[in-house]
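So the chains spell out like this:
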Amino acid sequence: MKAAPFAYARPAALSDAVAELVDADGGGKVIAGGQSLVPVLAMRLARPTTLVDINAVTGLDALRTVGDRLEVGATVRQRRVEHAPESAQVPLLRLALPWVGHRELRSRGTVCGSLAHADPAAELPAVACCLDAELTLTGPEGERPVRAREFFDGAMTTALRPEDVLSAISFPVAGAREGFGFAEIARRHGDFALAGAAAHVRVDDDGGVSAATMTAFGVSDRPVTRDLTSLVRTTGGDQAELAGALDEVVREVVDTDGDAHASNGYRRRLLRALAARELAKAHRRAVRGTAEVES
Ligand SMILES: Cc1cc2nc3c(=O)[nH]c(=O)nc-3n(C[C@H](O)[C@H](O)[C@H](O)COP(=O)(O)OP(=O)(O)OC[C@H]3O[C@@H](n4cnc5c(N)ncnc54)[C@H](O)[C@@H]3O)c2cc1C
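The following refers to the structure shown.

Reading the values: the criteria
Residues numbered from 1 in each chain as written. Predicted model: local features only at pLDDT ≥ 70, side-chain atom pairs only at ≥ 80, totals over all residues. Heavy atoms only, no water. Salt bridge = Lys/Arg side-chain N within 4 Å of Asp/Glu carboxyl O. Helix = DSSP H or I, 4+ residues; strand = E, 2+ residues; numbered from the N terminus. Buried < 20%, exposed > 50% of the residue type's maximum accessible area, 1.4 Å probe, protein only. Pairing = 2+ DSSP bridges. Axes fitted to C-alpha atoms, helices over the stretch in contact; angles between N-to-C directions. Contact = heavy atoms within 4.5 Å. Polar contact = N/O pair within 3.5 Å; in protein donor to acceptor, adjacent residues only side chain to side chain. Core = buried A, V, L, I, M, F, W, Y, C linked by side-chain atoms within 4.5 Å.

**Looking at the pattern of salt bridges**
So, point 1. Under the counting rule described, the total for this entry stands at 17 salt bridges.
So, point 2. Arg79 serves as the salt-bridge partner of Glu82, at 3.5 Å between the closest nitrogen and oxygen. With a gap of 3 residues between them, Glu82 and Arg79 both fall in helix α3 (residues 78–83), about one helical turn apart.
So, point 3. A relative accessible area of 11% means that Glu82 is categorised as buried.

Structural data, given as structure tokens:
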């Protein structure tokens, strides 16, 4: 099928992109990499009156470290982030990006586009929530910051208003005593996750756990983040002990009725195993203090 007719705008300034969205009066849609939007248009599941292409907007392609944050502009491709030296400072991004679809798709798809699309089984929203990233939304009144953990309202639903552009996201740069883990189970490589877990652990100078966070994805209508500091502390980061201790958290976090691909019980088993393994890895990496992502 072909897309329904729409007007096309390719502004060069962010304010003009917002003005186009305002003029479209709720019928406008931003297009960035088009990796999710174009299939939806072709199936006529979306029928915007105006497509606002942000790829010519000056300044949105910035990928840079500012102080202790990594800033990623709205048109920065996922593949660029995967390989940029700057992103090594955010190891969780480097761990997660290879799981996003296929290389060709990441060459066009943007980090911000994945967040704006808000698929509950997508990897990058989980990374943003686990790291408590900050999003910049630009609308007619100017910029407003929104924390990733408050951005997702449900499946494909976010704090973005029809006239807003998600102009950038910023991630905290990792410290020496922080470790990360990321994994998912999908039916085939490149598919969305049946269940997945992103993990972050920070230890103090004596090796004691000072913070531990897990974000689950693919198991609810949005990424779900839990503070697991006391659980990782009491288990000492031991994977088997963690798996046992995670029962209650997993029961509460997995919130689906099951579907054609996986039952609720199967998703719970997957999440329990993944979360225990990735938290244990994150703990080991934090103790080693190398912020490495390889092993
Ligand atoms: C075969 C296939 C497999 C895939 N597998 C995966 C996968 O495993 N994991 C995964 O996460 N994704 C997967 N995807 C989805 C896709 O890769 C991502 O959703 C995509 O990268 C989104 O970025 P984009 O720049 O292409 O967004 P677009 O397609 O351009 O836009 C997506 C949505 O976000 C909105 N939007 C985009 N940018 C902005 C912005 N800056 N401000 C406001 N709104 C914006 C658009 O209006 C649209 O509603 C897959 C897609 C395909 C076709």
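Anyway, onward from the coordinates.
**Some words on the sheet that holds strand β10 (residues 165–172)**
So, point 1. Here we have 5 strands laid out as an open sheet, ordered β4-β5-β10-β6-β7, and antiparallel in their pairing. The open sheet terminates on both sides in strands that have one partner only, identified here as β4 (63–66) and β7 (142–147). Each adjacent strand pair in this sheet contributes to an overall mean axis angle of 25°, direction not counted.
So, point 2. Taken together, the 5 bridges between strand β5 (residues 69–73) and β10 define a ladder with antiparallel strand orientation. Each residue of the ladder has a partner; that of Val72, found in β10, is Ile169.
So, point 3. The strands touched by helix α1 (residues 14–23) are β6 (134–139) and β10; relative to β10, the strand with the most contacts, the crossing angle is about 130°.

**With respect to unusual backbone geometry**
So, point 1. Of note, Asp25 is a non-glycine position whose phi angle comes to about 55°, a positive value.
So, point 2. Tracing the sequence through the fold places Asp25 in the loop between α1 and β2 (28–31).
So, point 3. The class of Asp25 is exposed, set by a relative accessible area of 70%.

**Looking at the side chain of His200**
So, point 1. Inspection of the secondary structure assignment puts His200 in strand β12 (residues 195–203).
So, point 2. Residue classification places His200 among the buried residues on the basis of a relative accessible area of 9%.
So, point 3. Polar contacts involving the side chain of His200 include one to the side chain of Glu178, which spans 2.6 Å.
So, point 4. Leaving out residues up to four positions away in the same chain, His200 has contacts with Cys130, Glu178, Gly179, Phe180, Ala211, Ala212, Thr213 and Ala282.

**As for the nonpolar core**
So, point 1. Core analysis: the biggest nonpolar cluster contains 50 residues, and Val72, Leu92, Leu93, Leu115, Ile169 and Phe171 have the highest contact counts within it.
So, point 2. Sort the elements by how many residues they give to this core and helix α7 (residues 123–130) lands first, with 6 residues.
So, point 3. Judged by nonpolar contacts, the second largest core, of 33 residues, contains Ala199, Met214, Val224 and Ala243.

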